[in-house]
Amino acid sequence: MENLYEKVAYLRGLAEGLGVNEDSKEGRLLLSIIDVLDEFADAINELDVKQAELEDVVDSIDEDLEKLEDEVYESYDEDYDDYYDDEDDEDLVEVTCPNCKVTFYLEEDEYLNEDEIECPNCNEVIYLDELEEDFDDEEDDDEYEDEEDDEGKKDK
């Protein structure tokens, strides 16, 4: 900021050295421009001071938030297993949009009771009866795998 003040002071000194005065139209213009530049330097200096103050406040808030996050999330991470229930995942059905190929999840009841849904990505209508065949095939595969596991255990 001091550099701006020095440059404005140099221009003011240059104008005085050249004998620029307010008697002529050009002189009034140049001196007014120098005054405006001086005001700009003051305004920029003020902004710089306020910016530095804001940075200090933001740094302080950031430190406080970091301490708070450490306290909150540290206990959350430790207790995560207590709150997480694997059974909730079993009620979800994976659906891949045939239009945009984005995969999303629906509750099994919604999947089985609705005829069509709207893709959350491309907003195209997906007819679930076409996808149900795939879902039924997956369930049959799971049952088949379970039967194989049971037979393998009996053989041993």
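Refer to the structure presented above.
Rules of the game
- Residues numbered from 1 in each chain as written.
- Predicted model: local features only at pLDDT ≥ 70, side-chain atom pairs only at ≥ 80, totals over all residues.
- Heavy atoms only, no water.
- Helix = DSSP H or I, 4+ residues; strand = E, 2+ residues; numbered from the N terminus.
- Expected span 1.5 Å × (residues − 1).
- Buried < 20%, exposed > 50% of the residue type's maximum accessible area, 1.4 Å probe, protein only.
- Pairing = 2+ DSSP bridges.
- Disulfide = S-S within 2.5 Å.
- Core = buried A, V, L, I, M, F, W, Y, C linked by side-chain atoms within 4.5 Å.
- Contact = heavy atoms within 4.5 Å.
- Salt bridge = Lys/Arg side-chain N within 4 Å of Asp/Glu carboxyl O.
- Patch = residues over 30% accessible without salt bridge, like charges linked within 9 Å, V, L, I, M, F, W, Y side chains within 5 Å.
- Areas by Shrake-Rupley, 256 points an atom, 1.4 Å probe, with all protein chains shown as cover.
- Polar contact = N/O pair within 3.5 Å; in protein donor to acceptor, adjacent residues only side chain to side chain.

Participant: Hey, could you run me through helix 1 (residues 2–17) in this one?
Facilitator: One turn of the α-helix equals 3.6 residues, which is why residues spaced by three or four share an orientation. A rise of 1.5 Å per residue sets the reference length of helix 1, with its 16 residues, at 22 Å; its end C-alpha atoms lie 22 Å apart and thus fit the reference within 8%. A positive phi of about 80° marks glycine 19, the residue just after helix 1.

Participant: When you look at the pairing of strand 1 (residues 92–96) in this model, what are you seeing that I'm missing?
Facilitator: Working note: regular strand, side chains alternate between the two faces of the sheet. Here strand 1 shows one buried face, formed by Val93 and Val95, and one open face, formed by Leu92, Glu94 and Thr96. The hairpin formed by strand 1 and strand 2 (residues 103–107) contains six residues between the paired strands, and lysine 101 there has a positive phi angle of roughly 65°.

Participant: Sorry if this is basic, but what is going on with the state of the cysteines here?
Facilitator: By definition, a disulfide links the sulfur atoms of two cysteines through a covalent bond. For the coordinates displayed, the defined rule picks out zero disulfides. Here cysteine 100 stays unpaired: no disulfide links it, and the sulfur of cysteine 119, its closest cysteine neighbor, is 3.7 Å away. Cysteine 100 sits in the partly exposed class, given a relative accessible area of 26%. Looking at the unpaired cysteine 122, the closest cysteine sulfur is the one in cysteine 119, lying at 3.7 Å.

Participant: What should I look at first to understand the nonpolar core in this one?
Facilitator: Note on soluble globular proteins: their nonpolar side chains tend to be buried together. Residues Val93, Val95, Cys97, Phe104, Leu106, Tyr111, Ile117, Cys119, Ile126 and Leu128 constitute the largest nonpolar core, which totals 10 residues. Setting aside residues no more than four positions away along its own chain, cysteine 119 makes contact with Cys97, Cys100, Phe104, Glu124 and Ile126.

Participant: For this particular structure, what's the right way to read the pattern of salt bridges?
Facilitator: It is possible for side chains of opposite charge to pair when their charged atoms get near one another. Taken as a whole and assessed by the stated rule, the structure comprises two salt bridges. With a closest N to O distance of 3.1 Å, arginine 12 and aspartate 35 form a salt bridge. Placement of the pair is arginine 12 in helix 1 and aspartate 35 in helix 2 (residues 25–83), with a sequence separation of 23 residues. For aspartate 38, the salt bridge identified is with arginine 12, shortest N-O distance 3.9 Å. Of the two residues, aspartate 38 sits in helix 2 while arginine 12 sits in helix 1, which places them 26 residues apart along the sequence. Residue aspartate 38 is classed as partly exposed on the basis of its relative accessible area of 26%.

Participant: Please clarify how unusual backbone geometry should be interpreted in this entry.
Facilitator: The phi dihedral of lysine 101 falls on the positive side, at around 65°, and the residue is not glycine. As for its placement among the helices and strands, lysine 101 is situated in the loop between strand 1 and strand 2. For lysine 101, a relative accessible area of 57% translates into the label exposed. Positive phi, close to 65°, is recorded for asparagine 123, a residue that is not glycine.

Participant: Sorry, what's going on with a nonpolar patch on the surface here?
Facilitator: A contiguous nonpolar surface patch, about 1100 Å² in accessible area, is contributed by Leu4, Tyr10, Leu11, Leu14, Leu18, Leu29, Leu30, Ile33, Val36, Leu37, Phe40 and Ile44. Looking at the nonpolar patch, the elements that each hand over two or more residues are helix 1 and helix 2. For the nonpolar patch, the element with the most residues is helix 2, which contributes seven residues. Turning to its location among the elements, leucine 37 is positioned in helix 2.

Participant: Quick question: what am I supposed to make of the environment of asparagine 21 here?
Facilitator: Mapped onto the fold, asparagine 21 is located in the loop between helix 1 and helix 2. Residue asparagine 21 is classed as partly exposed on the basis of its relative accessible area of 35%. Sequence separation between asparagine 21 and leucine 31 is 10 residues, and the spatial gap between their C-alpha atoms is 7.6 Å. When sequence neighbours within four positions are dropped, the list of residues in contact with asparagine 21 reads Gly27, Arg28 and Leu31. A polar contact of 3.1 Å, which involves the side chain of asparagine 21, links it to the backbone nitrogen of aspartate 23.

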